[in-house]
Amino acid sequence: ICFIRHGETDENLKRHVQGRKDFPLNNNGKMQAHQVAKALQNMNYQFDAIYSSPLSRAYETAQIINNDLELNLNIKKDFAFIERDFGIYEGMEVSKENFDPILKNIGQGLETSDEIEDRVSSGIFEIINNTNYQNVLIVAHSHTIKALIAYLDKNYSYYSPMVNCAINNFKYENNELKIVEYNIDPKKIVS
């Protein structure tokens, strides 16, 4: 299972919490999506399914990867992989002052860490248990991916940075889901 964070948006540049608000990729974000497709090609990734958050920044990233790799796959939009609902923090500046209460699960309308971890892991196990896919690409969001990492590694912190279009790999074998590697910057693969 390869989880890719979406490319850059103008809200990323402004360092605003995007959450469930639907912002498109900016030109740099589109370039990053092409770059991650090239990185995946260089690393000989093969996919037999693509899932995406329903938000346009993730779906557009998935479309670019699908086209660049000539996969011709039907991209499945899945609400399990939508970004965290940040409640009252949506649109605010990404800062320690705002993230401390988020990570302490304090705030009206905020999806708690347990809730997002349950949602994302349930979505993953839905794919594992109900399909025959061998290699799955999922394009989603920073906190969506961090939720799966935190679900599997209780020492992982949501404070850990994640670059746009980061490659994050997980493997399911012997009835166990494992982290292989995370936050791989595609620029380092194709530069």
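Each remark here, short or long, concerns the structure printed above.
Here the structure is a predicted model, which means the values were calculated and not measured. (Residues numbered from 1 in each chain as written. Predicted model: local features only at pLDDT ≥ 70, side-chain atom pairs only at ≥ 80, totals over all residues. Heavy atoms only, no water.)

Caption draft 1: Molecular detail of the sheet that holds strand 6 (residues 176–184). If you trace the 6 strands from one edge of the open sheet to the other, you get 3-2-4-1-5-6, paired in mixed fashion. Of all strands in the sheet, those with a lone pairing partner are strand 3 (75–77) and strand 6, marking the two edges. Sheet twist, expressed as the mean angle between neighbouring strand axes with direction ignored, is 20°. (Pairing = 2+ DSSP bridges. Helix = DSSP H or I, 4+ residues; strand = E, 2+ residues; numbered from the N terminus. Axes fitted to C-alpha atoms, helices over the stretch in contact; angles between N-to-C directions.)

Caption draft 2: Molecular detail of the nonpolar core. Counting 23 residues, the largest nonpolar core has F3, Y51, F81, V120, I124, I138 and L148 as the members making the most contacts within it. Where this core is concerned, the elements lending two or more residues are strand 2 (49–52), helix 5 (113–130), strand 4 (136–140) and helix 6 (142–152). A total of 5 residues in this core trace back to one element, the largest contributor, which is helix 6. Each residue touching I124, except ones within four places of it in the same chain, is listed here: I1, F3, F81, I138, L148 and L177. (Core = buried A, V, L, I, M, F, W, Y, C linked by side-chain atoms within 4.5 Å. Buried < 20%, exposed > 50% of the residue type's maximum accessible area, 1.4 Å probe, protein only. Contact = heavy atoms within 4.5 Å.)

Caption draft 3: Just the side chain of K146, in detail. Relative to the helices and strands, K146 is located in helix 6. One buried charge, K146, has no salt-bridge partner; the nearest side chain with opposite charge is E83, at 8.3 Å. K146 has contacts with Y156, Y158, S160, P161 and M162, leaving out every residue within four places of it along the chain. (Lys, Arg positive; Asp, Glu negative; His and termini not counted. Salt bridge = Lys/Arg side-chain N within 4 Å of Asp/Glu carboxyl O.)

Caption draft 4: View of the environment of V120. By the secondary structure assignment, V120 is in helix 5. Remark: the alpha-carbon pair of V120 and F81, spanning 39 residues in sequence, is separated by 6.0 Å. Those residues within four positions of V120 in sequence are excluded, and the remaining contacts are F3, A80, F81, T144, A147 and L148.

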